[in-house]
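One letter stands for each residue in the lines below.
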Amino acid sequence: MTVSYPDALAASRTLLRTLVVLNLLLGVLILALLIAGLIAESAVMGALGVRRHDGSEAMILGMRLIMGIGIASVPLAHVVLTRLLAIVDTVRAGTPFVAGNGARLQTIAWALLGLELLHLAVGAVAAGASSKAQALDMDWNLSVAGWLAVVLLFVLARVFDEGARMREDLEGTV
């Protein structure tokens, strides 16, 4: 007996479409902040709480690098969200075990790996830009969960590939 969850799938699809738009909007806003910081450095950095002192140049450079990393994360998050949306669409159609979903999951895994590496870069930049006078507090921490998710997605991609192959074999024998 197959149990269907059309409301949950519709809600997931709506949420993912909303997140795609919000991700792109966030990227535009970070880019605008970066540009504004280049044009009106003292006003923007003052609004962000950076006090002028010896060594503040490293803090400002660190903040700009983190903004750049944020901008670089937008296409990776876009890949994750759009591939996940495509998977939800195949589930809604009743065909989750198709060859494309294994490839989508593998692509999501690579994009998530990229996001985790960018997360490490943010921590390194924040640590390098901090000084005794003022810390660049990003509330950064190393989380094992993201790295486990990457491994899980690579494994799940193989499971979906195998499921698609088995489904094709079954359809060929019927």
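What you see is a predicted model, and the numbers here were worked out from it, not measured in a lab. (Residues numbered from 1 in each chain as written. Predicted model: local features only at pLDDT ≥ 70, side-chain atom pairs only at ≥ 80, totals over all residues. Heavy atoms only, no water.)

This part takes up the nonpolar core. With 15 residues, the main nonpolar core has Met45, Val50, Met59, Met63, Ile66, Met67 and Leu136 as its most contacted residues. Ranked by residues supplied to this core, first place goes to helix 3 (residues 56-92) with six residues. Those residues in contact with Met63, other than ones at most four positions away along the chain, are Met45, Leu48, Val50 and Leu136. Ala109, Leu112, Val150 and Ala157 belong to the second-largest nonpolar core, a separate cluster that totals eleven residues. (Core = buried A, V, L, I, M, F, W, Y, C linked by side-chain atoms within 4.5 Å. Buried < 20%, exposed > 50% of the residue type's maximum accessible area, 1.4 Å probe, protein only. Helix = DSSP H or I, 4+ residues; strand = E, 2+ residues; numbered from the N terminus. Contact = heavy atoms within 4.5 Å.)

Relative placement of two packed helices is described by the angle separating their axes and the distance separating the axes. Look at helix 4 (residues 99-129) against helix 5 (residues 144-173): their axes get within 7 Å of each other, and the N-to-C directions meet at 170°. Put simply, helix 4 runs roughly antiparallel to helix 5. Within the contact of helix 4 with helix 5, the residues separate by chemical class into 19 nonpolar, four polar and three charged. (Axes fitted to C-alpha atoms, helices over the stretch in contact; angles between N-to-C directions. Parallel < 35°, antiparallel > 145°, perpendicular 65-115°, else oblique. Nonpolar A, V, L, I, M, F, W, Y, C, P; charged D, E, K, R; others polar.)

Turning our attention to helix 5. Counted at 1.5 Å a residue, the expected span for helix 5 with its 30 residues is 44 Å, and the 43 Å between its end C-alpha atoms agrees. Residues of helix 5 that are buried sit in contact with helix 4. Where helix 5 begins, one side-chain oxygen reaches toward the backbone nitrogen of Ala145, 3.3 Å away; that side chain belongs to Ser143. (Expected span 1.5 Å × (residues − 1). Polar contact = N/O pair within 3.5 Å; in protein donor to acceptor, adjacent residues only side chain to side chain.)

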